[in-house]
Amino acid sequence: MTRRETVFFSFVLVLLGAGWGVTIPLTKIAVSSGFGHFGLIFWQLLIGSVLMAVLCAVRGKGLPVNWSTLRVFAIVALIGTLIPNTASFQAAVHVPAGIMAILLSMIPMFAFPIALLLRLDSFSWRRLLGLFAGLLGVLIIVMPGVSAALAAPVFWLLVAMIAGLCYAMEGNVVAKWGTAGLDAVQVLFGASLLGTVVILPVTLASGQFIAPADLNTTSGHALMGASVAHVLVYAGYVWLVGRAGPVFTVQVSYLVTGFALLWAKVILAEAYPPAVWAALALMFVGMYLVQPRSKGGLAQA
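Along each chain, numbering runs from 1 in the same order as the chain's sequence is written. Reporting in this predicted model follows two pLDDT cut-offs: at least 70 for local features of residues, and 80 or more for side-chain atom pairs to be given and counted; totals over whole chains, interfaces and linings ignore these cut-offs and use all residues. To get the side-chain values, take all heavy atoms of the structure and skip hydrogens and water.

This next bit is on the overall build of the protein chain. The helix and strand labels rest on DSSP assignments: H or I over at least four residues marks a helix, E over at least two residues marks a strand, and numbering proceeds from the N terminus. When you go through the protein chain residue by residue, the secondary structure sums to 13 helices and zero strands. Helices and strands appear in the protein chain in the N-to-C order α-α-α-α-α-α-α-α-α-α-α-α-α. For a compact globule the rule gives 2.2 Å times the number of residues to the power 0.38, and the radius of gyration it is set against comes from C-alpha atoms. Over its C-alpha atoms the protein chain spans a radius of gyration of 19 Å, differing by no more than 12% from the 19 Å that the globule rule assigns to 301 residues. With respect to the principal axes defined by its C-alpha atoms, the protein chain has extents near 50 × 45 × 40 Å. By the burial criterion, 50% of the 301 residues in the protein chain qualify as buried. Relative accessible area decides the class of each residue, using a 1.4 Å probe on protein chains only: under 20% of the type maximum gives buried, over 50% gives exposed, and in between gives partly exposed.

Take a look at the structure:
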């Protein structure tokens, strides 16, 4: 890798972190108008499906449908979107966007014990220390004095952590049982399509359907912006993994958390007590320690 390529890939990594980070305060805005979580999930999946269809068409790849791929779509839709987004959209009503971002950084720390249970990884004292660092950060946030200062009930802080647990499970399940020969974009496209079909009757039955005209509001625009940003950033992430390697690309997790806090400050004018910054530092230490190390920083293109 030349120096120019390294600088370019680093710039792309920063853009991905900024794009992913902005989806969190946009989600906060989307839930502020009283839209039901099922309605928000439906439109998020529908918008994502349309954009993924275009992306797959540009790539010249179709979407194989059989029992094996349908199983993959169902698992990813359930633990990658339906359950975590149901928890996130409800928690976002009560929890500041920046705190949502910090709690999401628990994903690699949740992933480590799950990987051990599935025998996908071996025990490491360094990574166990990272797990405890992350848990200590969570304990700081849910302390009565800190949660009261944030006006965030402990119950909703715990609900916000469900998303990170689901994403950690999703990654390990995919690593354990594979994706039936599909690439990452195809998996997300199929899961979004299936999720859209599943959540539509639930949305209608719950009375949470959001009419298209109601999307022409600040909350609707925020939802659409977050949905589009998610697809674009995810596609960029997959592209960067193929060019710079997973060890380099996974560092985006730090940038997502940092940018989410920055966007929450700029867009929502959020402020946090000093204890939150201590919790953030512990989360970063935890993420650093639990991530697997590799001798190669960048993979061959």
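Still to come is the rest of the account.
Even without a glycine there, the phi angle at Ala 151 is positive, about 55°. Residue position: Ala 151 is located in the loop between helix H7 (144-149) and helix H8 (154-177). With a phi close to 55°, Ala 180 is a non-glycine residue in the positive phi region. We classify Ala 180 as partly exposed; its relative accessible area is 40%.

On to helix H12 (residues 252-268). Here H12 is 17 residues long and its end C-alpha atoms lie 23 Å apart, about the 24 Å a rise of 1.5 Å per residue gives. When H12 is considered as a whole, its buried residues turn out to be Val 252, Ser 253, Tyr 254, Val 256, Thr 257, Phe 259, Ala 260, Leu 261 and Ala 264. Following H12 by one or two positions, Ala 269 has its phi on the positive side, about 55°. One fewer than the residue count of a helix, multiplied by 1.5 Å, yields its expected span.

As for its position among the elements, Ser 147 is in helix H7. Dropping the residues within four chain positions of it, Ser 147 is found in contact with Ile 141, Val 142, Ala 152, Val 154 and Leu 157. Any pair of residues with heavy atoms lying within 4.5 Å of one another is described as a contacting pair.

Here we come to a nonpolar patch on the surface. Nonpolar side chains collect at one region of the surface, where Val 50, Val 54 and Val 58 lie side by side and expose about 290 Å² of accessible area between them. Topologically, Val 50 is positioned in helix H2 (residues 37-59). Residues qualify for a patch when their relative accessible area is over 30% and they have no salt bridge, like charges being joined within 9 Å and the nonpolar side chains of Val, Leu, Ile, Met, Phe, Trp and Tyr within 5 Å. Surface accessibility in these figures is a Shrake-Rupley result with a 1.4 Å probe; residues are shielded only by whichever protein chains are displayed. By definition, a salt bridge exists where a carboxyl oxygen of Asp or Glu is found within 4 Å of a side-chain nitrogen of Lys or Arg.

A residue's pLDDT is simply how confident the predictor is in it, with values from 0 to 100. When the pLDDT values of the protein chain are averaged, the result is 90; 96% of them are 70 or greater. Confidence drops under pLDDT 50 across residues 295-301; counting only partners more than four residues distant or on other chains, this segment forms 16 contacts.

The next point concerns the nonpolar core. With 63 residues, the main nonpolar core has Leu 40, Ile 99, Ile 102, Leu 103, Ile 141, Leu 150 and Leu 157 as its most contacted residues. Leu 150 has contacts with Pro 96, Ile 99, Ile 141, Tyr 272, Pro 273 and Val 276, leaving out every residue within four places of it along the chain. Buried residues of nine kinds, namely Ala, Val, Leu, Ile, Met, Phe, Trp, Tyr and Cys, make up a nonpolar core once their side-chain atoms join them within 4.5 Å. Grouped together as the second largest cluster of nonpolar side chains are ten residues, Leu 13, Leu 16, Val 233 and Ala 244 included.

Within a pair of aromatic rings, the relevant descriptors are the distance that separates the centres and the angle that separates the planes. Aromatic rings from Phe, Tyr and Trp, with only the six-membered ring used for Trp, were paired whenever their centres fell within 6.5 Å, and each pair was classed as stacked if the ring planes differed by under 30 degrees, edge-to-face if by over 60, and tilted otherwise. Tallying each qualifying case throughout the model produces eleven aromatic pairs. Pairing Trp 20 with Tyr 237 gives two aromatic rings, centres 5.6 Å apart and planes at 75°, and the pair type is edge-to-face. Of this pair, Trp 20 sits in helix H1 (residues 3-30) while Tyr 237 sits in helix H10 (residues 218-244), and the two are 217 residues apart along the sequence. Tyr 237 sits in the partly exposed class, given a relative accessible area of 22%. Taking the centre distance of 6.4 Å and the plane angle of 40° together, the rings of Trp 43 and Phe 209 count as tilted. Taken as a pair, Trp 43 in helix H2 and Phe 209 in the loop between helix H9 (184-205) and H10 lie far apart in primary sequence, 166 residues in all.

A few words now on the side chain of Ser 49. In this structure, Ser 49 sits in helix H2. Here Ser 49 falls in the buried class, since its relative accessible area comes to 4%. Not counting chain neighbours up to four residues away, the residues in contact with Ser 49 comprise Phe 189, Ser 192, Leu 193 and Thr 196.

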